[in-house]
Amino acid sequence: INGVCFTGSTATAQAIHRNIAEHGQADSLLIAETGGLNCMIADSTALPEQTVRDIITSAFQSAGQRCSALRVLYLQKDIAEPFLNMLQGAMDALSLGNPWWLSTDIGPVIDQGAQDKINKHIAAARAEGRLVKQLDAPDDGYFVGPAVIRVGGINDLEEEIFGPVLHVATYDNDELDQVIRDINNRGYGLTFGLQTRIERRIDKLTSALKVGNIYVNRNQVGAVVGSQPFGGEGLSGTGPKAGGPHYLPRFYQPSRPAQPVHSGPDLVRQAVQDALDGLPAADSRPRSSEMMPGPTGESNELFTYARGKMLCLGPTLEAAERQAETLRAQGCQPLICVPGATGDQSLDGFLPRDMLAALTGLDGVVCWSEIEDIRAIRKALAQREGALLPLITEENFDHQCLVERHVCIDTTAAGGNVSLLT
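Bear in mind that the values here come from a model prediction, so they are computed numbers and not experimental data.

Novice: Looking at this model, I keep getting lost on the nonpolar core. Mind explaining?
Specialist: Among soluble globular proteins, nonpolar side chains are generally buried collectively. Among the nonpolar cores identified, the biggest contains 61 residues, and I41, F60, Y74, L87, L166 and F192 are the most heavily contacted of them. By size, the runner-up hydrophobic cluster in this structure holds 24 residues, among which are L267, L279, L351 and L389.

What follows is the structure, given as structure tokens:
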């Protein structure tokens, strides 16, 4: 097997990664898309009817069984109660039933296990007095009545609840920066929705969020191939984005050097960790942008950003320096770890491969060594918890230095006098 593409949970993707490292081809392809805790922010300038329509679609369509579905809604406190009243009224108009019927808005969840888990989550919120509303559900089938639950924010959720459950938090205007930090710090990064008529806020939030697909003044589900390349980062996926210009080339058979490992004194873990911590942050500005095709009244733009801090393991000094040069050209921060290395952002010595399982602040590894060494590196990376880090073994890897983020804006939905609001 030369490669695996997987859509599902982060834990299952990690299990696949470990199996490939142990039993598969050490340098085989793994593309994983792994869900997320997707948020939407609605500020006080948001149009209520439009926003409620988009919330209903994003949270409850397909019974909430989409990796892109809205899980946490942040409402500015100034508008929270009127919005919640309108949202409850819109929920009352929903019809649950047989999905074959055109009159049905919401069908069942996938199986008994999913139904039990979601109902248990809702029951706990009801017992704590946090259940705002839940619709009645048919008795025949694995139905869950759509529910709205109050929370303090994304940090109140231990995991993604994969069903028709919307969690609602409120925020003051001066707390918006903290909300963005909380979203980024959870490590997921699949979809995000923003409802606002302030262009300055759109620019600020879309550049600050580490999220694969951002939707402005529209729903955040139903990405269209070619217009909205789809896929997340961090705990939400490995990239490249499906339906985008960088996806198909990842399936080509690349040129992979196979150089012998050079022996040298083993590096000490603390020295490597200190060197990683001491690296400057990667360039946070977009490396490139590309307008994608789409319908009139919708802007679709694909951006690339530097992946972050990367280890260059050579295995020769010449190879490591070439790797570092490529990484720097794409805005990443390389750390060379090979025998004979000198200078800034370099450590002279051999990096024991099992050390890769525990290093923090690392965003990927580049190495062109022989296949057994590649397997040892992959086994160590596969033991890590959290995001799946790339092991780059190709000679030409410019695009693998980058992560992709897409911004979709419904340009017809702003309403009002935008210049005055700005």
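Novice: Sorry, what's going on with the sheet that holds strand β3 (residues 39-42) here?
Specialist: The strands that make up a sheet pair up through hydrogen bonds in the backbone, lying either parallel or antiparallel. Taken together, 10 strands build an open sheet; the order of strands is β5-β6-β7-β4-β3-β8-β9-β17-β11-β10 and the sheet is mixed. A strand with exactly one partner marks an edge of an open sheet, and here the two such strands are β5 (131-134) and β10 (288-291). Sheet twist, expressed as the average angle between the axes of neighbouring strands with direction ignored, equals 20°. One ladder, built from 4 bridges, connects β3 with strand β4 (residues 72-76); its direction is parallel. Residue M40 lies in a different strand from β4, and its bridge partner there is L73. Sheet contacts for helix α4 (residues 112-127): β5, β6 (147-150) and β7 (165-171); angle to β5, the most-contacted strand, approximately 135°. Sheet contacts for helix α6 (residues 199-208): β3, β4, β8 (191-195), β9 (213-216), β11 (298-306) and β17 (402-410); angle to β8, the most-contacted strand, approximately 165°.

Novice: Is there a simple way to think about the pattern of salt bridges in this case?
Specialist: One side chain can pair with another of opposite charge once the charged atoms of both are near each other. If you walk through the whole model with that rule in mind, you get 19 salt bridges. Of the charged contacts, one joins K204 and D177 as a salt bridge, the two residues approaching to 2.8 Å between their closest N and O atoms. Of this pair, K204 sits in helix α6 while D177 sits in helix α5 (residues 176-185), and the two are 27 residues apart along the sequence. Look at K204 and you get partly exposed, because its relative accessible area is 44%.

Novice: I tried to follow α4 on my own but got confused; where do I start?
Specialist: Helical geometry note: an α-helix holds 3.6 residues per turn, so side chains three or four residues apart project in the same direction. Helix length check: α4, at 16 residues, gives a terminal C-alpha distance of 22 Å against a target of 22 Å (1.5 Å per residue), a fit within 8%. Those residues of α4 that sit buried are A114, Q115, I118, I122 and A125. All buried residues of α4 project into a common sector of 95° when viewed along the axis, lining one side. Structural note: α4 exposes K120 and A127 on the side pointing more than 90 degrees away from its buried face. Each element contacted by the buried residues of α4 is listed here: β5, β6 and β7.

Novice: Can you help me understand the pairing of β11 in this one?
Specialist: Along any regular strand the residues' side chains alternate between the sheet's two faces. Of all 9 residues in β11, 7 are buried; the element is thus mostly enclosed. Relative to β11, β10 runs antiparallel, the two being bridged by 4 bridges. Bridged to S288 within β11 is T304. Once β10 ends, the chain turns through 6 residues before running back antiparallel as β11, passing G297 with a positive phi of about 90°.

Novice: Sorry, what's going on with unusual backbone geometry here?
Specialist: What is expected of a backbone is that most residues other than glycine have negative phi and most peptide bonds are trans. Here the amide bond leading from G239 into P240 is cis, since omega sits at 0°, within 30 degrees of zero. The residue P240 is located in the loop between β9 and α7 (269-278) in this model. In this structure, P315 follows G314 across a cis peptide bond, with omega equal to 20°. Among the structural elements, P315 can be located in the loop between β12 (309-312) and α8 (317-329). Even without glycine at this site, A63 takes up a positive phi of about 55°. Note on placement: A63 falls in the loop between α2 (48-60) and β4. The exposure class assigned to A63 is buried, which follows from its relative accessible area of 1%. Backbone geometry places N217, a non-glycine residue, at a positive phi of 60°. Counting through the fold element by element, N217 comes out in the loop between β9 and α7.

Rules used throughout
- Residues numbered from 1 in each chain as written.
- Predicted model: local features only at pLDDT ≥ 70, side-chain atom pairs only at ≥ 80, totals over all residues.
- Heavy atoms only, no water.
- Core = buried A, V, L, I, M, F, W, Y, C linked by side-chain atoms within 4.5 Å.
- Buried < 20%, exposed > 50% of the residue type's maximum accessible area, 1.4 Å probe, protein only.
- Pairing = 2+ DSSP bridges.
- Helix = DSSP H or I, 4+ residues; strand = E, 2+ residues; numbered from the N terminus.
- Axes fitted to C-alpha atoms, helices over the stretch in contact; angles between N-to-C directions.
- Contact = heavy atoms within 4.5 Å.
- Salt bridge = Lys/Arg side-chain N within 4 Å of Asp/Glu carboxyl O.
- Expected span 1.5 Å × (residues − 1).
- Arc of directions from axis to C-beta.

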